Amino acid sequence: MPDPQASQTVAQAPRARATLRTLAQATGLAITTVSRALSNDQRIAAQTRALVAEAARQQGYVPDRAAQRLRTGRTKVVQLLLHLDHEFLGFTHDLLGGLAEALAGTGYSVTLFPDVMATDRMNAVRQIVENRLGDGIVLNRTEPFDPRVRYLSEQGFPFVSHGRTEFSVPHPFVDYDNEAFARAAVARLAERGRSRLIMILPDARYTFAQHLRYGLIAACRERGLAWEVPDHITLDTPPVESAAWLRQRLTQPDRPDGLICVGEVAAIAALAALADSGLAPGRELDVVAKRASAIFDLLRPQVDTVFEDLWAAGRAMGETLLRSMAGEPAERLQVLHAPRIEFPLHPSP
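As the structure is a prediction and not an experimental result, all values here were calculated from the model. (Residues numbered from 1 in each chain as written. Predicted model: local features only at pLDDT ≥ 70, side-chain atom pairs only at ≥ 80, totals over all residues. Heavy atoms only, no water.)

### Observations concerning the layout of surface pockets
Inclusion rule: Only protein atoms enter the 1 Å grid used here. Points where a 1.4 Å probe fits but cannot escape make up a cavity, open sets with protein on both sides within 12 Å along at least five of seven lines make up a pocket, and a residue lines them when an atom lies within 4 Å of a point. Grid points are joined across faces, edges and corners, and a volume is the space filled by probe spheres set on the points. Helical segments are the DSSP runs of H or I of at least four residues, strand segments are the runs of E of at least two, and each set is numbered from the N terminus. Residue polarity is assigned by list, with Asp, Glu, Lys and Arg as charged and Ala, Val, Leu, Ile, Met, Phe, Trp, Tyr, Cys and Pro as nonpolar; anything else, Gly included, falls into the polar class.
Reported here for the second largest pocket is a volume of approximately 290 Å³. For the second largest pocket, the lining is made up of 24 residues, of which Ile200, Leu235, Ser242, Val265 and Ala266 are closest to its centre. Secondary structure elements with two or more residues in the lining of the second largest pocket: β6 (196-199), α10 (239-249), β8 (258-261) and α11 (264-276). For the lining of the second largest pocket, the element with the highest residue contribution is α10, accounting for 5 residues. Here the lining of the second largest pocket is composed, by residue class, of 17 nonpolar, 4 polar and 3 charged.

Right, here's the structure in full:
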């Protein structure tokens, strides 16, 4: 009679964790050579590095970060301090994707550290630096005299900010030229015959709010256009509240005929307010929106857009941070991305 146990799968003991010693045994190399090959030491022959990399892949080798930290003083971790509510629908995805792309093959991983705006933003930075929770920091939403930037610069701790400051001492940053975006948007609306423009800005505490405001006002003054910036509605106001405010504003006799939307969420809220008010872009007024995804390809009616490449921003921040950690001077680690103008989607009247 057949053994009832014969058809059952015998549980296998888990495979022992691969180590530098097992890789050395598999390749016939010294442990020190394997270690240097895994760290991509250029003094090790490319053929040897490839041999070790293949052995590591076959054995499922994962670096022991605790041991690495004790040996080198490095965590091989980059901390991304990120505000989780953003004006773009795929902000976190694209920024993280670009950052991970830049760090690929370096042995660094990324940890997301929430940047809570309503609290002391220094707490997270001090926690990372004092407890050595990472080898470098990526900051988001900078302020003109950002205390985090000052602290990290004084500590000599590697970082890169997504946004500029007004400090006279240079520091690493990657930014988008928001002044140029505002100027381009005003020029486009003026071209379409619009003369009363409105823009909902970020909170005034942020540096990019100043860049947007300056670009808007300067471009409007050059063309003799009226401009408006609401003082109690910002880019971070819940979209339902923003749409309600704009609906009310559109009922007034001096309603705007040109809207500049700084992000996708703000633009969708504005388009909802227009539809609810019986107004349409290209007819009673026009809209220029900044975008970072393909969402506007699916919205009707279409509006003019200006592109901000967040994936490229993330990649540039990763590359800049690696150079900062390698000791490159801060004045050579400053990147400003230009807007990608995508209008006209339709001809001027």
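From this point, the discussion proceeds with the structure in view.
### Section: the packing of helix α5 (residues 91-103) against helix α12 (residues 310-325)
Note the following rule: For helices, the fitted line uses only the C-alpha atoms of the stretch in contact; every axis is such a line through C-alpha atoms, and the angle between N-to-C directions lies from 0 to 180 degrees. Convention used here: angles under 35 degrees read as roughly parallel, angles over 145 as roughly antiparallel, angles from 65 to 115 as roughly perpendicular, and any remaining angle as oblique. A clockwise turn of the near helix away from the far one marks a right-handed crossing, whereas an anticlockwise turn of less than a right angle marks a left-handed crossing. Residues are treated as being in contact if the distance between any of their heavy atoms lies within 4.5 Å.
Closest axis-to-axis distance for the α5/α12 pair is 7 Å, and the angle between their directions is 40 degrees. In terms of orientation, α5 lies oblique with respect to α12. Relative to α12, the crossing made by α5 is right-handed. On the side of α5, the interface is formed by Phe91, His93, Asp94, Leu95, Gly97, Gly98, Leu99, Glu101, Ala102 and Leu103, while α12 contributes Leu310, Trp311, Ala313, Gly314, Arg315, Met317, Gly318, Glu319 and Leu322. A breakdown of the residues in the contact of α5 with α12 according to their chemical character gives 10 nonpolar, 5 polar and 4 charged.

### Describing the sheet that holds strand β10 (residues 304-307)
Formally: For two strands to count as paired, DSSP must find a minimum of two bridges between them.
The mixed open sheet is built from 6 strands, whose spatial order is β7-β6-β8-β9-β10-β12. The open sheet has two edge strands with one neighbour each: β7 (226-228) and β12 (340-341). Pairing analysis gives 3 bridges linking β6 to β7, with the strands arranged parallel. Along β7, the bridge assignment pairs Ile198 with Glu228. Along the sheet, α11 contacts β8 and β9 (286-291); its crossing angle with β8, the most-contacted strand, is approximately 150 degrees.

### A look at the confidence of the model for the protein chain
Rules: For every residue, the predictor states its confidence as a pLDDT score lying anywhere from 0 to 100.
With 90% of its residues at a pLDDT of at least 70, the protein chain reaches an overall mean of 88. Between residues 4-14, whose pLDDT stays under 50, and residues either more than four places distant or in other chains, the model counts 0 contacts. Residue range residues 345-349 is modelled with pLDDT below 50. Its contacts to residues more than four positions away, or to other chains, number 13 contacts.

### A closer look at the pairing of strand β1 (residues 77-82)
Each regular strand shows side chains that alternate between the opposite faces of the sheet. The test is simple: Three exposure classes are used, based on accessible area relative to the maximum for each residue type with a 1.4 Å probe and protein chains only: buried under 20%, partly exposed in between, and exposed over 50%. The handedness rule is simple: strands pointing away from the viewer, and a clockwise path from the first strand over the helix to the second, make the crossover right-handed.
Of all 6 residues that make up β1, 6 are buried, and the element is covered over most of its length. Across 6 bridges, β1 lies against strand β2 (residues 109-114) in parallel orientation. The partner of Val77 across the bridge, within β2, is Ser109. Running through α5, the crossover from β1 to the neighbouring parallel element β2 is right-handed. Bridge count for β1 against strand β3 (residues 136-140) is 3 bridges, and the pairing is parallel. When the sheet's bridge partners are listed, Val78 is paired in β3 with Gly136.

### Describing the packing of helix α6 (residues 122-130) against helix α7 (residues 147-155)
At their nearest, the axes of α6 and α7 sit 9 Å apart, and the two run at 20 degrees to each other. By the angle between their directions, the pair α6 and α7 is classed as roughly parallel. α7 is crossed by α6, and the crossing has right-handed handedness. Contacts between α6 and α7 involve Met122, Val125, Arg126, Val129 and Glu130 from the former and Pro147, Arg148, Tyr151 and Leu152 from the latter. Looking at the contact of α6 with α7 residue by residue, the class counts come to 6 nonpolar, no polar and 3 charged.

### A word on the nonpolar core
Test applied: Buried residues of nine kinds, namely Ala, Val, Leu, Ile, Met, Phe, Trp, Tyr and Cys, make up a nonpolar core once their side-chain atoms join them within 4.5 Å.
Core analysis: the largest hydrophobic core is formed by 24 residues, its most contacted members being Val186, Met199, Leu212, Leu216 and Ile260. Going through the elements one at a time, α8 (178-191), β6 and α9 (207-223) are the ones with two or more residues in this core. In terms of residues, this core owes the most to one element, α8, which gives 6 residues. When residues no more than four places from it in sequence are discounted, the contact partners of Leu212 are Asn178, Phe181, Ala182, Met199, Leu201, Pro202 and Val262.

### Looking at α7
Each α-helix turn comprises 3.6 residues. Residues three or four places apart therefore point the same way. As a reminder of what qualifies: When we speak of the arc, we mean the arc of directions from the helix axis to the C-beta atoms.
Every buried residue belonging to α7 is among Arg148, Val149, Tyr151 and Leu152, and all of these are buried. Projected down its long axis, α7 shows its buried positions confined to an angular sector of 165 degrees, all on one face. In this structure, the buried residues of α7 make contact with α6, β3 and β4 (159-162).

### Focus on empty space enclosed by the protein
Enumeration according to the criterion identifies 1 cavity of 30 Å³ or more in this entry. Forming the walls of the largest cavity are 20 residues, and the residues nearest its centre are Glu87, His162, Asp175, Asn178 and Phe208. No other element matches α9, which puts 3 residues into the lining of the largest cavity. Each residue belonging to the lining of the largest cavity can be placed in one class, and the counts come to 6 nonpolar, 8 polar and 6 charged.

### A closer look at the pairing of β10
Covered by surrounding structure in β10 are Asp304 and Val306 together with Thr305 and Phe307, the residues of both alternating faces. Across 4 bridges, β9 lies against β10 in parallel orientation. Its bridge partner lying in β10, Ala289 is registered against Thr305. Here 2 bridges tie β10 to β12, and the two strands are oriented antiparallel to one another. Counterpart to Phe307 in the pairing with β12 is Arg340.

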